Amino acid sequence: MPELLLILLILALLWLWRDSARSRELAVRAARSACAQSGAQFLDGTVSLVALRLCRKSSGSMALCRAYSFDFSLDGEQRRSGAVSMQAQAIVDLVLDIDGVTTVH
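Because the structure is predicted, anything quoted here is derived from the model rather than measured.

(A) Molecular detail of the packing of aromatic side chains. Applying the stated criterion across every chain yields a total of two aromatic pairs. Geometrically, the ring pair formed by Phe-42 and Phe-70 is edge-to-face, given 5.7 Å between the ring centres and 65° between the ring planes. Placement of Phe-42 in strand S1 (residues 41-42) and of Phe-70 in strand S3 (residues 62-73) is noted, with a sequence separation of 28 residues between them. Under the relative-accessibility criterion, Phe-42 is labelled buried at 13%. Relative to Phe-72, the ring of Phe-70 has its centre 6.3 Å away and its plane inclined at 45°; by these criteria the two rings are tilted. Members of the aromatic cluster, joined through ring pairs, are Phe-42, Phe-70 and Phe-72.

(B) Representation of the nonpolar core. By size, the foremost hydrophobic cluster in this structure holds 17 residues, and its most contacted members are Val-47, Phe-70, Val-84 and Leu-96. Contributions of two or more residues to this core are made by helix H1 (2-38), S3, strand S4 (80-87) and strand S5 (90-98).

(C) Structural view of H1. Between its first and last C-alpha, H1 extends 53 Å over 37 residues, near the 54 Å set by a 1.5 Å rise per residue. By the burial criterion, the buried members of H1 are Asp-19, Ser-23, Ala-27, Val-28, Ala-30, Ala-31, Ala-34 and Cys-35. Next to the buried residues of H1 lie S1, S3, S4 and S5. Residue Gly-39 follows H1 closely and has a positive phi angle near 75°.

(D) Geometry of the environment of Ser-85. Along the chain, Ser-85 falls in strand S4. Once the C-alpha coordinates of Ser-85 and Ala-27 are considered, the two residues, 58 residues apart in sequence, prove to be 8.2 Å apart. Setting aside chain neighbours within four positions, we find Ser-85 in contact with Arg-66, Ala-90, Ile-91, Val-92 and Asp-93.

(E) Representation of the environment of Leu-96. Looking at the element boundaries, Leu-96 is found in strand S5. By relative accessible area, Leu-96 is classed as buried at 0%. Between the C-alpha atom of Leu-96 and that of Asp-71, which follows or precedes it by 25 residues, the distance is 9.1 Å.

Analysis parameters
- Residues numbered from 1 in each chain as written.
- Predicted model: local features only at pLDDT ≥ 70, side-chain atom pairs only at ≥ 80, totals over all residues.
- Heavy atoms only, no water.
- Phe/Tyr/Trp six-rings, centres within 6.5 Å; stacked < 30°, edge-to-face > 60°.
- Helix = DSSP H or I, 4+ residues; strand = E, 2+ residues; numbered from the N terminus.
- Buried < 20%, exposed > 50% of the residue type's maximum accessible area, 1.4 Å probe, protein only.
- Core = buried A, V, L, I, M, F, W, Y, C linked by side-chain atoms within 4.5 Å.
- Expected span 1.5 Å × (residues − 1).
- Contact = heavy atoms within 4.5 Å.

Read these as geometric descriptors, not functional statements.
Structure (structure tokens):
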């Protein structure tokens, strides 16, 4: 019985790792696209996971919700912050901080 629990735990961890990798790639693409649309440069080419939690979707089912942050620049010198919020594999919110004004995509 302990062997079965260990196998199930390993499978759950593999699923979480694969799901997180897919979500991160979607967040990178969304951030890159939003920066391009705003005329900004997407810095470092990546996003950083800020939060991971369980949440309830509008349908009532449970999902993993993730929050990512990233940096971008409008002039090539000053770094600014952006954020991507996801519910399961869907982008819920994307925010760019441009000149102290929040832009949502």
